Amino acid sequence: MNEGKVLSLKDLTMRYSNKSVLNGINLDVFKGQIIGYIGPNGAGKSTTLKIMLGLVQGYQGTVEIFGQDIATTDHSYKRKIGYVPENAEIYDNLTASEYLTFSGELYGMDRSQAEEKAELLMEQFEMKDVLHKRIASFSKGMRQKVLIISSLLHNPDLIFLDEPLNGLDANSVMVIKDILEQLVAQGKTIFYSSHIMDVVEKISNRIVLLIDGEIAADGTFEELQQQSKQGSLEGIFNQLTGFDEHKHTAKQFVSIVTEGDSRE
Ligand SMILES: Nc1ncnc2c1ncn2[C@@H]1O[C@H](COP(=O)(O)OP(=O)(O)OP(=O)(O)O)[C@@H](O)[C@H]1O
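What you see is a predicted model; the values in this text were computed from it and never measured. (Residues numbered from 1 in each chain as written. Predicted model: local features only at pLDDT ≥ 70, side-chain atom pairs only at ≥ 80, totals over all residues.)

## A closer look at the overall build of the chain
Then comes step 1: Secondary structure summary: the chain contains nine helices and 10 strands in total.
Then comes step 2: For the chain, whose C-alpha radius of gyration is 20 Å, the value lies close to the compact-globule estimate of 18 Å for 264 residues.
Then comes step 3: Principal-axis analysis of the C-alpha atoms gives the chain an extent of 60 × 60 × 40 Å.
Then comes step 4: For the chain, with 264 residues in total, the buried portion stands at 31%.
Then comes step 5: Taking contacts inside the chain between residues at least 6 apart in sequence as the whole, the part at least 24 apart equals 65%. (Helix = DSSP H or I, 4+ residues; strand = E, 2+ residues; numbered from the N terminus. Rg over C-alpha atoms; globule rule 2.2 N^0.38 Å. Buried ≥ 20, exposed ≤ 12 C-beta atoms within 10 Å, placed from the backbone. Contact = placed C-beta atoms within 7 Å.)

Listed below in structure tokens is the structure:
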């Protein structure tokens, strides 16, 4: 394996029936990188993540994680991966403690170690009092914190995050951003997929923009700024995706909503 290379995609291509979703993605990711993986709705971001996690089959090309081709290696590489899915199937009937212990065991942790560590991490998120409450009774943000703990409990080296800040309040967002920064400083690698451009701009040390299943830009925020002559990542995103019609679209939308109301 190349020194420090954690992840390598070679000519990754994916089709769903007749529709081409990924069109030859080539990407090398190195230890300590936090990749902001962005792109318009339907660009193929979640599909890329799911392929790398071994959740979606039928792709063409090669995916190497920790130097091993995931198509031919056993599943042990997954123990060093953490994942926060965009739409999680969380087990509502379990308590947070049960869920986290179960998920820690799935990642190869010892039961009592997972249980103790889960309790300590829940305490850090000020959720110790609900440790033994069913997840069904949790708010959206509380569930998200459980998912984040579950993705990190086993101390993974490579972390995939799909909209990880969903439902979190401003204070919690600050804590998570600092946690990610510190994990990366310790040599973890993070693949961060999100639509919240100002967060991606701040936390990523490399940004990869996917459009129609192809990489349209790849570089640091400063590099992308220079190339596009835009000040913000939002501006860069708008420019590279060829979108300058937000005002017009909004106006049309509102006029359809408000015109011809027959209730009067
Ligand atoms: N299981 C599936 N079967 C068929 N088509 C799918 C399936 N999953 C995704 N697709 C299609 O693949 C394309 C890419 O979807 P994907 O979820 O990867 O996009 P995304 O970039 O994550 O989008 P978003 O930003 O909206 O989450 C979309 O056109 C979607 O309809």
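Next comes the rest of the write-up.
## Let's talk about the sheet that holds strand β5 (residues 68–69)
Then comes step 1: Pairing is antiparallel in the open sheet, where four strands are placed in the order β2-β1-β4-β5. Either end of the sheet is taken by a strand with one partner, and the two such strands are β2 (19–30) and β5.
Then comes step 2: As defined by bridge partners, strand β1 (residues 5–16) adjoins strand β4 (residues 60–65) across five bridges and the pair is classed as antiparallel. Each bridged residue has a counterpart across the sheet, and for Leu7 the counterpart in β4 is Ile65. (Pairing = 2+ DSSP bridges.)

## A look at the nonpolar core
Then comes step 1: In this structure, Leu12, Ile35, Leu100, Phe160, Ile190, Phe191 and Tyr192 are the most contacted members of the largest nonpolar core, which totals 54 residues.
Then comes step 2: If we ignore the near neighbours within four places in the chain, the residues touching Tyr192 are Ile34, Ile35, Gly36, Tyr37, Leu161, Val200, Ile203 and Ser204. (Core = buried A, V, L, I, M, F, W, Y, C linked by C-beta atoms within 7 Å.)

## A word on the site of the ligand
Then comes step 1: Near the ligand you find Tyr16, Val21, Gly39, Asn41, Gly42, Ala43, Gly44, Lys45, Ser46 and Thr47, and these make up its full shell.
Then comes step 2: In terms of residue count, helix α1 (residues 45–52) provides more of the shell around the ligand than any other element does, three residues in total.
Then comes step 3: Across the shell around the ligand, the residue classes break down as three nonpolar, six polar and one charged. (Near = placed C-beta within 6 Å. Nonpolar A, V, L, I, M, F, W, Y, C, P; charged D, E, K, R; others polar.)

## Section: the pairing of strand β3 (residues 34–38)
Then comes step 1: Most of β3 is tucked away: five of the five residues are buried.
Then comes step 2: Alternating residues of β3 divide into Ile34, Gly36 and Ile38 and Ile35 and Tyr37, and every residue in both groups is buried.
Then comes step 3: Pairing of β3 with strand β8 (residues 189–193), which is carried by four bridges, proceeds in the parallel orientation. Along β8, the bridge assignment pairs Gly36 with Tyr192.
Then comes step 4: As paired elements, β3 and strand β9 (residues 206–211) share four bridges and run parallel to each other. Within β9, the residue paired with Tyr37 across the bridge is Val208.

## Brief notes about the sheet that holds strand β10 (residues 214–219)
Then comes step 1: Overall, mixed pairing links the six strands, which are arranged β6-β7-β8-β3-β9-β10 in an open sheet. Single-partner strands in this sheet number two, and they are β6 (81–84) and β10. Looking at each pair of strands side by side, their axes are set apart by 15° on average, direction ignored. (Axes fitted to C-alpha atoms, helices over the stretch in contact; angles between N-to-C directions.)

## A look at the UniProt feature "domain: ABC transporter" (unreviewed entry) in the chain
Then comes step 1: Summarizing the sequence annotation, UniProt attributes the feature "domain: ABC transporter" (unreviewed entry) to residues 7–237 in the numbering used throughout.
Then comes step 2: Between the C-alpha atoms that bound residues 7–237 there is a distance of 25 Å. The span itself is 35% helix and 26% strand. (UniProt positions renumbered as here; feature names shortened; annotations may be inferred.)

## Remarks on α1
Then comes step 1: α1 sits mainly inside the fold: six of its eight residues count as buried.
Then comes step 2: Within the sequence span of α1, burial applies to Lys45, Thr47, Thr48, Leu49, Ile51 and Met52.
Then comes step 3: Gly54 occupies a position one or two residues after α1 and carries a positive phi of about 75°.

## Focus on the packing of helix α2 (residues 96–106) against helix α3 (residues 111–124)
Then comes step 1: Where α2 contacts α3, the axes come no closer than 8 Å and their chain directions differ by 130°. In terms of orientation, α2 and α3 fall into the oblique class. Relative to α3, α2 is oriented so that their crossing is right-handed. Touching Ala96, Ser97, Leu100, Thr101, Gly104 and Glu105 of α2 are Arg111, Ala114, Glu115, Ala118, Glu119 and Met122, all from α3.
Then comes step 2: A per-class count over the contact of α2 with α3 returns five nonpolar, three polar and four charged. (Parallel < 35°, antiparallel > 145°, perpendicular 65-115°, else oblique. Left-handed = near helix turned anticlockwise from the far one by under 90°.)

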